[in-house]
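Here are the chains, one letter per residue:
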Amino acid sequence: MPDKIDQTIKVARNHHSAFISELSDFVSIPSVSTSPEYQEEMEKAAQKVAQMADWAGLENIRIFPTQGHPIVFGEWLHAENQPTILIYGHYDVQPVDPVDLWETPPFQPSIRYHYLFGRGASDMKGQIVAVLAALQSIRQTTGAFPVNVKLMVEGEEEIGSPHLRSFIEEHRSMLSCDVSLNPDAGMIAPDLPTLVYALRGLVFFELKVFGPEHDLHSGVFGGVVHNPAQALCEIIASMHDENGRVTIPGFYDHVRPLSSEEREELSRLPMGDDYYLKQTGAPQLWGEPDYTPVERVGARPTLEVNGLFSGFTGQGTKTVLPAYAMAKISCRIVADQEPDEIHYLLRRYLEQRIPSTVRWELNYFGGAPASLTDPKHPAAQAMKKALELVWETRPVLKREGGSIPVVGDIQKILGADSVLTGFGLPDDRIHSPNERLHLPTWFKGIEALIAFFYLMNTLQE
Ligand code: BES
Ligand code: MN
């Protein structure tokens, strides 16, 4: 077995330029799931995934239309009596704005120093190509795969995977598996391979506040009409106390507390205040004082303002009392909070707190619950071994603050756990301008994935 791993890794090392060229083609497709103008590009990105699945050696490749963006499926099921691994990916990406801050255009992949720059390079087109490159290398070396594999790549993860749950429910047997491989979770540092065992969930909202029926002269009417921008800021400001705790009654009622063992375990991660200060460039950290930064990100729920809009924001000045204000708000939730519960609590809070000087509307865009996976699962152990083999250092276990909605769905509907890892780094600037992928780490990741597939073979012949 180690021979085959070594042999395959050698083959992979000879194909780095082919892997980069697949990735560049993929990154150059602007597959922004939230923007209606990219509809056709979503189709193209799905086709690109299908082509790469074929290149990797998968069979029965199909593109399933959904009510939203298509889902790509492929499989290879000739490893008798061996486990079946469902590989998950998403080909959609986040919007690119503010586009002016990109040093090179977001959809024109560019290699500078050790990085490939472009929207989606790290989250997660690079991770999808890494898995397919690993499979392609195995197929080139041995002509077959050591385990059964299925591939499911969706185009709506960055908008909360609204059509994936029903797709999984409708295709239960096609998707049945022993375990899922989810390479969308990233690592802590280039020398610290990481297995993630917890993800936060998410709920998104839009809060609109309406004041006068049209914009007003702020001199003629200021002082007699409640400015909706101000009313919105007042309500938003009231949602946290001075310690960074969310004040919405009931918000923390179902939060599962951390055990003292887990707190002890998490305190060993090299992610103290300094780490977060360096990663963010913020002048000081903020948040619940009774929890460490790692605990706040991994195991505590939050409420964030994602965007604010009201009145005049152009150059120069305008003395206006705006008619309208809007905020995009989302909450990261943890086990055992539910998206609908948070929606209910927020709506009740607004009903009780927003003054009758303005009218308001809360739109709920749904969400996904948090998920916990078993780090002792045999597949997680195989991944640990694979990462250790390549990095020659012990992988760390971590709770992640981001969300990947499919993990809970796969657990509930298919009864399968996920192995969460990935080769993106905290300074890859995912969701932000100048997203990039660290190529040396990515090449190592491909090698670890090769080792993982071999180590999942129960015979290890
Ligand atoms: N890959 C990320 C989640 C992630 C980020 C995991 C960093 C581990 C480390 C994923 O694509 C993502 O950003 N998800 C969205 C989901 C949401 C829109 C439902 C998120 O977390 O904001
Ligand atoms: Mn992702």
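As a reminder, the structure under discussion sits directly above these lines.
Note that this is a predicted model, so its numbers are computed, not measured.

A closer look at the nonpolar core
As a rule of thumb, soluble globular proteins bury nonpolar side chains together. Formed by 70 residues in total, the largest nonpolar core has its most connected members in W442, I446 and F453. If you tally residues by element for this core, the top one is helix α15 (residues 439–455), at twelve residues. Excluding residues within four positions of it along the chain, I446 makes contact with A12, F19, A130, A133 and A134. The next biggest cluster of nonpolar side chains, apart from the first, holds 29 residues, and it includes L232, L303, I329 and I333.

Here we look at the sheet that holds strand β13 (residues 324–333)
The four strands are arranged β11-β13-β9-β14 in an open sheet whose pairing can be described as antiparallel. Two strands in the sheet have a free side with no partner beyond their single neighbour: β11 (302–310) and β14 (359–368). Direction aside, the axes of adjacent strands within the sheet are offset by 15° on average. Relative to β13, β11 runs antiparallel, the two being bridged by eight bridges. Within β13, the residue paired with L308 across the bridge is A327. Contacts between helix α8 (residues 228–237) and the sheet are confined to β9 (201–210), β11 and β13, with β13 contributing the most and set at about 20° to the helix. In the packing of helix α12 (residues 339–353) onto the sheet, contacts are made with β9, β13 and β14, and the angle to β14 comes to roughly 170°.

A look at the coordination of the manganese ion (ligand 2)
Coordination of the manganese ion (ligand 2) by the protein is provided by H90 (NE2), D123 (OD), D184 (OD) and D184 (OD), with metal-donor distances spanning 1.8 to 2.6 Å. With six donor atoms in place around the manganese ion (ligand 2) and angles of 53 to 158° between them, the coordination shape is irregular. Here the donor residues of the manganese ion (ligand 2) share one chain and are spaced in sequence as H-x32-D-x60-D. Separated by 33 residues along the polypeptide, H90 in strand β3 (residues 84–90) and D123 in helix α4 (residues 121–142) bring together distant segments of the chain.

Criteria and thresholds
Numbers given to residues run from 1 along each chain, matching the order in which its sequence is written. In the order they appear in the text, chains get letters beginning with A and ligands get numbers beginning with 1. Totals for whole chains, interfaces and linings use every residue, but because this is a predicted model, local features are given only for residues with pLDDT of at least 70 and side-chain atom pairs only at 80 or more, for both listing and counting. Side-chain numbers here rest on the full set of heavy atoms in the structure, without hydrogens or water. As used in this record, nonpolar core signifies buried Ala, Val, Leu, Ile, Met, Phe, Trp, Tyr and Cys residues forming a set joined through side-chain atoms within 4.5 Å. Each residue gets one of three labels from its accessible area relative to the maximum for its type: buried under 20%, exposed over 50%, partly exposed in between, using a 1.4 Å probe on protein chains only. For helices the rule is a DSSP run of H or I covering at least 4 residues; for strands it is a run of E covering at least 2, with both sets numbered from the N terminus onward. When checking whether two residues touch, look at their non-hydrogen atoms; a contact exists if any pair is within 4.5 Å. When DSSP finds two or more bridges between two strands, those strands count as paired. In this analysis, axes come from line fits to C-alpha atoms, helices being fitted only over the stretch in contact, and the angle between any two N-to-C directions falls in the range 0 to 180 degrees. For Na, K and Ca the donor cut-off is 3.2 Å, while for other metals it is 2.8 Å, and in both cases only N, O and S atoms qualify; water is not among them, so sites may look incomplete. In these descriptions, tetrahedral denotes four donors with every angle between 85 and 135 degrees, square planar four donors and octahedral six donors with opposite donors over 155 degrees apart and the rest between 65 and 115, and irregular any other case.

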